[in-house]
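Per-entry structural report
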Amino acid sequence: ERGTTHPYSSQAQQLIETSRLALNFGAGVQTKDRLHDHVVNLDAIHFPWIDVVNTCRSLPFQDSVFDAVISQAVFEHLPDPFFAAREVYRVLRSGGRALIDTAFMQPFHGDPDHYFNMTCSGLRQIMQGFQIEELGVRSYQNPSLGLSMQIEAVLPFVSSADWRNRLNQALTIIKQDGASFDSCLGEVGRETIAAGVYVLARKPQ
């Protein structure tokens, strides 16, 4: 990692502010201004500001200890996301909520590896047992971002100068006017090729 991890989404920040104890599952590289006394930062690598380093399948916490679990752009990097979701369920208190976002139409990005991209349907499957409150595509997961990521990922491998020029032109257009592209797709179109998907789910009382 050469830079900081994505900041909390507004929805994640709201969940943190309304929780007594929260887990940031896969916290990555945080910054000091993002730290909270009641948020446990967990990652597989001992980055700065990480509270718990864990490389095991199971989460190193007792049952029913957290009011909220937040996981941003992590589940695609887990070799068994179904097991991970069950662990999130286990460590949540009754009525606790999990906010998970993960990759859909994104290129391979090892961190340290990349296993499974998910659709909304796939995310619903791994969250079996939870009460789904929201499921869909956030603005930061719109297709224009995914298309930009795909072009940037393959450009170093393109041997044709003509195709490099075409792809760079497409990338410039997407970055300059991606919002209008996302808008004209409509809700179904955005979900069809979204860069990522998210779920907000509750552990039943």
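Right above here is the structure, for reference.
The structure reproduced in this document is the subject of the present report. (Residues numbered from 1 in each chain as written. Predicted model: local features only at pLDDT ≥ 70, side-chain atom pairs only at ≥ 80, totals over all residues. Heavy atoms only, no water.)

**Details of the pattern of salt bridges**
This model, assessed by the stated rule, comprises 9 salt bridges. A salt bridge links R90 to D63; its shortest N-O distance comes to 2.8 Å. With R90 in helix α2 (residues 81-91) and D63 in the loop between β3 (52-53) and β4 (66-72), this residue pair connects regions lying 27 residues apart in the sequence. Three or more residues joined by partner-sharing salt bridges are found here, namely R20, D67 and R93. (Salt bridge = Lys/Arg side-chain N within 4 Å of Asp/Glu carboxyl O. Helix = DSSP H or I, 4+ residues; strand = E, 2+ residues; numbered from the N terminus.)

**Some points on the pairing of strand β2 (residues 39-43)**
If a strand is regular, its side chains alternate between the two faces of the sheet. Counting buried positions over the 5 residues of β2 gives 5, a clear majority of the element. The side-chain alternation of β2 yields two buried faces, one formed by V39, N41 and D43 and the other by V40 and L42. Sheet analysis places strand β1 (residues 22-25) next to β2, joined by 4 bridges and oriented parallel. Among the inter-strand pairings, L23 is bridged to a residue of β2, identified as V40. (Buried < 20%, exposed > 50% of the residue type's maximum accessible area, 1.4 Å probe, protein only. Pairing = 2+ DSSP bridges.)

**Quick look at the pairing of β1**
Here β1 shows a buried face lined by A22 and N24 and a second buried face lined by L23 and F25. With 3 bridges connecting them, β1 and β4 associate as parallel partners. Each residue of the ladder has a partner; that of N24, found in β4, is I70.

**A look at the nonpolar core**
In a soluble, globular protein the nonpolar side chains are often hidden away together inside. Membership of the largest hydrophobic core comes to 29 residues, with the highest contact counts inside it found for L23, F25, F75 and M127. Those elements giving two or more residues to this core turn out to be β1, β2, β4, α2, β5 (92-103), α3 (120-126) and β7 (196-202). For this core, the element with the most residues is α2, which contributes 4 residues. Those residues in contact with L23, other than ones at most four positions away along the chain, are V40, L42, L59, F61, F66, A68, V69 and I70. If you look at the next biggest cluster of nonpolar residues, it comprises 11 residues, including L15, V39, I70 and L99. (Core = buried A, V, L, I, M, F, W, Y, C linked by side-chain atoms within 4.5 Å. Contact = heavy atoms within 4.5 Å.)

**Section: the side chain of N41**
Its location among the elements puts N41 in strand β2. Only 3.5 Å separates the side chain of N41 from the backbone oxygen of W49, close enough to count as a polar contact. Setting aside chain neighbours within four positions, we find N41 in contact with Y8, N24, A27, Q30, L35, W49, I50, D51 and V52. (Polar contact = N/O pair within 3.5 Å; in protein donor to acceptor, adjacent residues only side chain to side chain.)

**Here's the deal with the packing of aromatic side chains**
On inspection of all chains with the given rule, the structure shows 4 aromatic pairs. Pairing Y89 with F130 gives two aromatic rings, centres 5.0 Å apart and planes at 90 degrees, and the pair type is edge-to-face. In this pair, Y89 sits in helix α2 while F130 sits in the loop between α3 and β6 (131-136), placing the two residues 41 residues apart along the sequence. A relative accessible area of 28% means that Y89 is categorised as partly exposed. (Phe/Tyr/Trp six-rings, centres within 6.5 Å; stacked < 30°, edge-to-face > 60°.)

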